[in-house]
Amino acid sequence: MFSIQSILAAAFVASTAMAHFTLDYPTSRGFNDDNEPQYCGGFPNVASPRQPFPLGKGPIHIDSHHSLATVVAFISTSSSPTGFNDFNTTSNGTSIPLASSIFQVKQGDACFNVDLGSLGVGLTNGSEVTLQVQYDGGDGNLYQCTDLVLIEGYSVPSNETCTTDASLTNATTSSTSSSSASGTASSQASTASASAKPSSSSCSTSGAFARTETAGLGLVGALMGVAGLTLL
Ligand SMILES: [Cu+2]
């Protein structure tokens, strides 16, 4: 017969199988656990209205459901991006630097700052961008997008300010010290399946996504290699 304990245990397993990670601020386009490995987490269309966000330093909040994960953010300057390539270059062919370092987060809430106005891709007051967060907690790259309009001097709600910037304290590589030309969205996407190792993930949503790849290592390795070259 079934005991209360076994029923509770089953419920616990079910609940931990939810939500690899969520993008909590700015608000995500949408969240679908099963589709999170897809471009923009399976939400390819721009959300309207765009959310106001600082042209200067502004905070991004995520909630991680893996014990350890590798995170990076990048942007598209297209008003209607349709795929990863739109996060690679601007409409006039300028490479878009990563919007953050590549850094690690532990389970739970994490916050990091971006400074989109300083990326050197011509963003000004009123510019429209889409920010995509890439997250790898051991079961493959996952994505969330948010659609923004950049406002000079915009003040975020005080409760959204980062008390600890995870991208500074836990960075595995910097987005600013190396040439960003290599650190673009498509190169991240293309290295996503480059390496594999056993996963320590506690989050397997389905057979299809319960892979044992750790894309972050390949990505970090590729970027560190380039960073090394630029130091020569
Ligand atoms: Cu997961």
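Each chain has its residues counted from 1, running along the sequence as written. It should be noted that, the model being predicted, local features are given only for residues of pLDDT at least 70 and side-chain atom pairs only at 80 or more, the latter also being counted only at that level, while totals for whole chains, interfaces and linings use all residues.

It is worth spelling out the overall build of the protein at this point. The way it works is that DSSP assigns letters per residue, a run of H or I at least four long becomes a helix, a run of E at least two long becomes a strand, and they are numbered from the N terminus. When its secondary structure is counted, the protein shows four helices and seven strands. Along the protein, helices and strands appear, N-terminal first, in the series α-β-β-β-β-β-β-α-β-α-α. In this scheme the burial state of a residue depends on its C-beta neighbours within 10 Å: 20 or more other such atoms mean buried, 12 or fewer mean exposed, and anything in between means partly exposed; the C-beta positions come from the backbone. Residues counted as buried form 37% of the 232 residues belonging to the protein. For the protein, the share of sequence-separated contacts (at least 6 apart) that also reach a separation of at least 24 residues comes to 78%. By definition, residue pairs are in contact when their C-beta atoms, positioned from the backbone, come within 7 Å.

With that out of the way, let us pick up the pairing of strand 5 (residues 128-136). Among the nine residues in strand 5, eight count as buried, and that is most of the element. Two strands form a pair only when DSSP identifies at least two bridges running between them. The turn joining strand 5 and strand 6 (residues 141-151), which pair antiparallel and follow one another in sequence, is formed by four residues; a positive phi near 110° is taken by Gly 138.

Moving on to unusual backbone geometry. Of note, the amide linkage connecting Tyr 25 to Pro 26 takes the cis form, showing an omega dihedral of -10°. Residue Pro 49 is reached from Ser 48 by a cis peptide bond, and omega for that bond is 0°. One can find Pro 49 in the loop between strand 1 (21-25) and strand 2 (51-54). In this model, Cys 40 sits at a positive phi of 50°, which is unusual for a non-glycine residue. Looking at where Cys 40 falls in the secondary structure, it is placed in the loop between strand 1 and strand 2.

Another aspect to go through is the environment of Ser 79. Residue placement: Ser 79 occurs in the loop between strand 3 (57-76) and strand 4 (102-115). Separated by 51 residues in the primary sequence, Ser 79 and Thr 130 have C-alpha atoms spaced 7.7 Å apart.

Here the focus is the nonpolar core. Nonpolar core, as used here: buried Ala, Val, Leu, Ile, Met, Phe, Trp, Tyr and Cys residues forming one set through C-beta atoms within 7 Å. Counting 37 residues, the largest nonpolar core has Val 71, Ala 73, Phe 74, Ile 75, Ala 99, Leu 116 and Val 133 as the members making the most contacts within it. Every element with two or more residues in this core is listed here: strand 1, strand 3, strand 4, strand 5 and strand 6. Sorting elements by how many residues they give to this core places strand 3 first, with eight residues. Not counting residues up to four positions away in its chain, the partners in contact with Ala 73 are Ile 60, Ala 99, Ser 100, Val 114, Leu 131, Gln 132 and Val 133.

Here we come to the environment of Lys 106. Mapped onto the elements of the fold, Lys 106 is located in strand 4. When the C-alpha positions of Lys 106 and Asn 170 are compared, they lie 9.9 Å apart, and in sequence the two are 64 residues distant. With near-sequence residues (within four places) excluded, Lys 106 lies in contact with Ser 64, Ser 67 and Leu 68.

This brings us to the environment of Arg 29. Mapped onto the elements of the fold, Arg 29 is located in the loop between strand 1 and strand 2. For Arg 29 and Gly 42, which are 13 residues apart along the polypeptide, the C-alpha to C-alpha distance reads 9.4 Å. With sequence-adjacent residues up to four places away left out, Arg 29 is seen in contact with Cys 40, Phe 43, Ala 47, Cys 145, Thr 146 and Asp 147.

When the pLDDT values of the protein are averaged, the result is 79; 67% of them are 70 or greater. The quantity called pLDDT is the predictor's confidence in a given residue, expressed from 0 to 100. Low confidence marks residues 7-17, where pLDDT is under 50. Its contacts with residues over four positions away, or in another chain, come to six contacts.

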